[in-house]
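# Overview (structure and organization)
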Amino acid sequence: MNKKLYADRLSDLVLRIGINLQKGEFLNIVVSPDAYYYAQNMAIKAYEMGAKYVNIRVSDLLLDKERAYYQENEDLTFVPDFLKEYVNEGIKDGIKNVRIECRDERIGLPELDDDKYQTLNRCYRESQKPLSKMYMENHLAWCVCCAPGPKWAKAVLGEDKTEEDLAEILASILHIDTPDYIQYWREEDKKVSDRIERINSLEIKSLHFESSVTDFTVGFRREAKFEGCSSITTSGLVFYPNLPTIEIFNTPDKDTAEGYITTTRPVSVMGKDTESVKLFFEKGKCVKAEAKVGQKIIDDYLAIDEGSSRLGEIALVDDSSAISKTGLVFGSILIDENASCHIALGTGYTSNLHIGDKDSKDFGCNESLVHTDFMVGSSDMRVTALTYNGKEILIMDNGNFVF
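First, a word on what this report is: a plain description of the structure on this page.

Procedures and definitions
Residues numbered from 1 in each chain as written. Predicted model: local features only at pLDDT ≥ 70, side-chain atom pairs only at ≥ 80, totals over all residues. Heavy atoms only, no water. Phe/Tyr/Trp six-rings, centres within 6.5 Å; stacked < 30°, edge-to-face > 60°. Helix = DSSP H or I, 4+ residues; strand = E, 2+ residues; numbered from the N terminus. Buried < 20%, exposed > 50% of the residue type's maximum accessible area, 1.4 Å probe, protein only. Lys NZ or Arg CZ within 6 Å of the ring centre and 35° of its normal. Arc of directions from axis to C-beta. Contact = heavy atoms within 4.5 Å. Polar contact = N/O pair within 3.5 Å; in protein donor to acceptor, adjacent residues only side chain to side chain.

### Focus: the packing of aromatic side chains
Under the definition given, this model contains ten aromatic pairs. With 6.2 Å between their ring centres and 40 degrees between their planes, Tyr260 and Phe280 make a pair best called tilted. Note that Tyr260 is positioned in strand β11 (residues 258-262) and Phe280 in strand β13 (residues 272-282), a separation of 20 residues in sequence. On the basis of relative accessibility, which here comes to 27%, the residue Tyr260 falls in the partly exposed class. What makes Phe280 buried here is its relative accessible area of 19%. Residues Tyr301 and Phe374 carry aromatic rings whose centres are separated by 6.3 Å and whose planes lie at 75 degrees to one another, so their mutual orientation is edge-to-face. On the criterion of sequence distance, the pair formed by Tyr301 in helix α10 (residues 295-302) and Phe374 in strand β17 (residues 371-375) is long-range, its members being 73 residues apart. The exposure class assigned to Tyr301 is buried, which follows from its relative accessible area of 1%. Put simply, the rings of Tyr6, Tyr37 and Tyr38 touch in pairs and so form one group of aromatic residues. Across the ring face of Phe280, the terminal group of Lys288 is positioned such that the distance to the ring centre comes to 4.5 Å.

Structure below.
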């Protein structure tokens, strides 16, 4: 698929059902320099649909790394007032948010002082926290999507492959390689919704994950309900937080995780690669981590704040998914998480808790400045539910749903 067609169809998919853009609304698009073309295309489409204003924020990881190299910590903590005011305006105007992910920005990036970059990253996240909370609580629609790049294509497919070769694969995963891609996602949403309804009817108290590298249990409050595919804002607007997406996810009780669980796909954590990370939990807290690759960055991540060492999400994904069947590791959490069951260390989704206006912290919802997914599913994964009425029910076997 050529670049223009991919960009046009991606923009159409994200704007129409990803964030369900309405006339007169504000939109923010976050993108790396490598994928600016796709953001520009989407902004033009948004104006065609009647958007009042579109802001493109270029997130330049290389520039951030250079800043961290040249500055000391006291300068790294500086966040200009206009960025803080943007948060206030974003909340007031109900700005919708799209992030276009392209792995090109991370490939060939120079080494960085992890501690300094962590300081820079933490201060920026802290300044954006009130607006981020609005998205996490589904007060505002948001969507994360992906765009191909030449470096990413070579990393995933081989040195002789091009951006258009990767676009072909991403288009098939997004189903934008056929004219009826909008209808496809609506039908997929219906299938996922039916499965969610059945799972929620079980009233799951805990899930037990077992495989050759995992023996792990995590609990849920009665108020916690599984969701997936599309979501609904607090004002009743349907949107898709991720495209592609097939996961079924829930917010666990942050104090319940026990045992050990091991990542089965590489994960980028704060710009650093990690592999085969074994996480050990006691009373909900990750008390130890052993990583084949990326030990220091995992240790740093777990020390960001109290919530970074606890769980904010549990997600179930068929091992037979279309992404899994490609046999490829994309190095993108957005895509790889939809090939595998996963957990997230960091802040939890309050939208999964059916508690009205009550404080989510009183229902076990984790709070943190970060939220990072770690893929843990495999073809030998078995997931068993313990329900609140004391029944044990098999949910997944050999990595796939049993119903």
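### Some words on helix α3 (residues 61-70)
Every buried residue of α3 is listed here: Leu61, Lys65 and Ala68. For α3, the angular spread of buried residues about the axis comes to 60 degrees, placing them on one side. Along α3, exposed side chains directed more than 90 degrees from the buried face belong to Leu63 and Tyr70. Next to the buried residues of α3 lie α4 (73-76) and α6 (114-136). Among the residues of α3, the N-terminal cap falls to Asp60, whose side-chain oxygen and the backbone nitrogen of Leu62 are separated by 3.2 Å.

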